[in-house]
Amino acid sequence: MIPFSILDLSPVAEGNSVGQALDESRQLAQAAEELGYNRVWLAEHHGMPGIASAATSVVIGHIGAATKRIRIGSGGVMLPNHSPLVIAEQFGTLEALFPGRVDLGLGRAPGTDMRTARALRRNLDAGAENFPHDIVELQHYLGNPTDDQPILAVPGIQSPIPIWLLGSSLYSAHLAAALGLPYAFASHFAPDMLMDALAIYRERFQPSATLDEPYAMVGVMGVVADSDAQAQHLFTSAQQQFVNLRRNIRSQFPRPVDTMDPLWSEMERINVEHTLRYAAVGSPETVNAKLAGFLAETGADELIISMPVHDIGARLRSAELFAGLPLMQKAA
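Residues numbered from 1 in each chain as written. Predicted model: local features only at pLDDT ≥ 70, side-chain atom pairs only at ≥ 80, totals over all residues. Heavy atoms only, no water.

Engineer: Report on the overall build of the chain, specifying residues and quantitative values.
Structural biologist: Across its full length, the chain carries 13 helices and nine strands. Taking 2.2 N^0.38 as the reference for a compact globule, 332 residues should give roughly 20 Å; the C-alpha atoms of the chain span a radius of gyration of 19 Å, in line with that estimate. Referenced to the eigenvectors of the C-alpha coordinate spread, the extents of the chain come out at roughly 65 × 45 × 40 Å. A burial count over the chain gives 52% of its 332 residues as buried. (Helix = DSSP H or I, 4+ residues; strand = E, 2+ residues; numbered from the N terminus. Rg over C-alpha atoms; globule rule 2.2 N^0.38 Å. Buried < 20%, exposed > 50% of the residue type's maximum accessible area, 1.4 Å probe, protein only.)

Engineer: So what's going on with the side chain of Ser10? Which residues, and what values?
Structural biologist: Looking at where Ser10 falls in the secondary structure, it is placed in the loop between strand E1 (4–8) and helix H1 (18–35). Look at Ser10 and you get buried, because its relative accessible area is 0%. If we ignore the near neighbours within four places in the chain, the residues touching Ser10 are Ala21, Leu22, Ser25, Leu42, Gly50, Ile51, Ala52 and Ser53. (Contact = heavy atoms within 4.5 Å.)

Engineer: Can you break down helix H7 (residues 171–179) residue by residue, with the values?
Structural biologist: Residues spaced three or four apart along an α-helix point in a common direction, a consequence of the helix completing one turn every 3.6 residues. When we look at burial in H7, the residues that qualify are Ser172, Ala173, Leu175, Ala176 and Ala177. Looking at the packing, one finds that the buried side of H7 touches helix H6 (131–142), strand E5 (163–167), strand E6 (183–185) and helix H8 (194–204). Of the residues flanking the end of H7, it is Gly180, one or two places downstream, whose phi is positive at about 70 degrees.

Engineer: For the pairing of strand E4 (residues 102–107), give the residues involved together with the corresponding values.
Structural biologist: Taken across its six residues, E4 has six buried, putting it largely inside the fold. Every second residue of E4 is oriented toward a common face, with Val102, Leu104 and Leu106 on one face and Asp103, Gly105 and Gly107 on the other, all of them buried. Note that strand E3 (residues 71–78) and E4 share six bridges and pair parallel. Bridge pairing links Val77 to Leu106 in E4. With helix H3 (residues 84–97) bridging E3 and the parallel E4, this β-α-β connection has right-handed handedness. Where E4 meets E5, three bridges bridge the pair, whose relative direction is parallel. (Pairing = 2+ DSSP bridges. Right-handed = clockwise from strand over helix to strand, strands pointing away.)

Engineer: Got a sec to walk through the environment of Ile249? Specific residues and values, please.
Structural biologist: Mapped onto the elements of the fold, Ile249 is located in the loop between helix H9 (228–246) and helix H10 (266–275). We classify Ile249 as partly exposed; its relative accessible area is 39%.

Engineer: Talk me through H1; I want residue IDs and the actual numbers.
Structural biologist: Taking 1.5 Å as the rise per residue, H1 with 18 residues should run 26 Å; its terminal C-alpha atoms sit 26 Å apart, in good agreement. Within H1, the full set of buried residues consists of Ala21, Glu24, Ser25, Leu28, Ala29, Ala32 and Glu33. Buried residues in H1 make contact with E1, strand E2 (39–42), helix H2 (56–66) and helix H12 (312–323). Gly36, located one to two residues past H1, shows a positive phi value of around 95 degrees. (Expected span 1.5 Å × (residues − 1).)

Engineer: Before we move on, can you summarise the pattern of salt bridges with the specific residues and values?
Structural biologist: Applying the stated rule across the entire model yields 13 salt bridges. Salt-bridge contacts for Glu24 lead to Arg315; the nearest nitrogen and oxygen are separated by 3.2 Å. Residue Glu24 is located in helix H1, and its partner Arg315 is located in helix H12; the two are separated by 291 residues in the primary sequence. The partner of Arg269 in a salt bridge is Glu273, and the shortest N-O contact between them spans 2.7 Å. Of this pair, Arg269 and Glu273 both sit in helix H10, four residues apart, roughly one helical turn. Accessibility expressed as a relative area gives 24% for Arg269, which makes it partly exposed. On the accessibility criterion, Glu273 (37% relative accessible area) is partly exposed. One continuous salt-bridge network, built from bridges that share partners, spans Arg39, Arg71, Asp103 and Glu302. (Salt bridge = Lys/Arg side-chain N within 4 Å of Asp/Glu carboxyl O.)

Engineer: Break down unusual backbone geometry for me, citing the residues and quoting the values.
Structural biologist: For the bond from Gly75 to Gly76, the omega torsion is 5 degrees, close enough to zero to count as cis. Along the chain, Gly76 falls in strand E3. Each neighbour pair has its own omega, and for Val154 with Pro155 the value is -5 degrees, a cis peptide bond. Structurally, Pro155 can be placed in the loop between H6 and E5. Look at Asn248: it is not a glycine, yet its phi comes out positive at around 60 degrees. Within the secondary structure, Asn248 sits in the loop between H9 and H10.

Engineer: Can you explain the environment of Met195? Please cite residues and give values.
Structural biologist: Tracing the sequence through the fold places Met195 in helix H8. Each C-alpha atom of the pair Met195 and Glu297 lies 8.5 Å from the other, and the pair is 102 residues apart in sequence.

Engineer: Please set out the pairing of strand E7 (residues 216–224) residue by residue, giving values where relevant.
Structural biologist: E7 sits mainly inside the fold: nine of its nine residues count as buried. Residue alternation in E7 divides its side chains into two sets, Ala216, Val218, Val220, Gly222 and Val224 and Met217, Gly219, Met221 and Val223, and both sets are buried. Judged from the three bridges that link them, E6 and E7 form a sheet pairing that is parallel. If you follow Phe185 over to E7, its bridge partner there is Val218. In the sheet, E7 pairs with strand E9 (residues 302–306) via five bridges, with the strands oriented parallel. By the bridge assignment for E9, Met221 is matched with Ser306. In terms of strand pairing, E7 meets strand E8 (residues 280–282) through three bridges, oriented parallel. Opposite Val223, over in E8, you have Val281 as the bridge partner.

Given below as structure tokens:
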């Protein structure tokens, strides 16, 4: 079977502080390491009161210091927000601190609204258009320097950090295939182009010094609890969050509710359920069956799970129950 990993958005739960959110990320990573997960990735988002991982490389360092073996990295860093040299230095530093454990997942979107993106002081149009060039430049900084190389990333040079491309459309599938890089699709919130993107990536993949064959990871949101009803209750936090995003309401990660009926319109319900249609929510038996079908459909090489649970105790329990699924046991 395939490896399972965790995508942690470091949620700032309603009523909690950023400090508490970051400590909960530490707890989740430590539990994931003990439970046999393959990697823990943090995501770059800006201007969102419910997400504490804006300074992604800093949070990765926090997680790395709290763990010993599990792979750590970004899922992802939004490269148009940064200069490739800065990212090379940041992740070169992480690789020096946690050798052999660091992944660098890269995305093309800003990870925020346009006003906040402009405040990050990058040329948005040029940043997106230069994405392929910036990836190659970043690879150059992390590779072996030439004798006459004018710009050095220190730390950064000679850092064997796997670079992944992340995507929610077809663009990065083409690019990951052309560059021969591993590919992660954000099907946990963008399901519509998943199968087409995977087909393009696999059909057009060009072997590289990095990778001989295509390697695709797919994302799901997942909540496992002792019963279907309990898991569905916990999942109302994520459903509320998506309604708030569509209404441009900036809030901390909501507490779960008994029913969503008064909180969304019929059209909002349809849109959110469509967006989250790959979510695996329920008892261990329910989730195992859902994931078995999803993995058979996608043929994925790895699954990365986002666990949108308000209470850290319930989040840790969900991670534990995921690790106990028959799919996970076969992987081990």
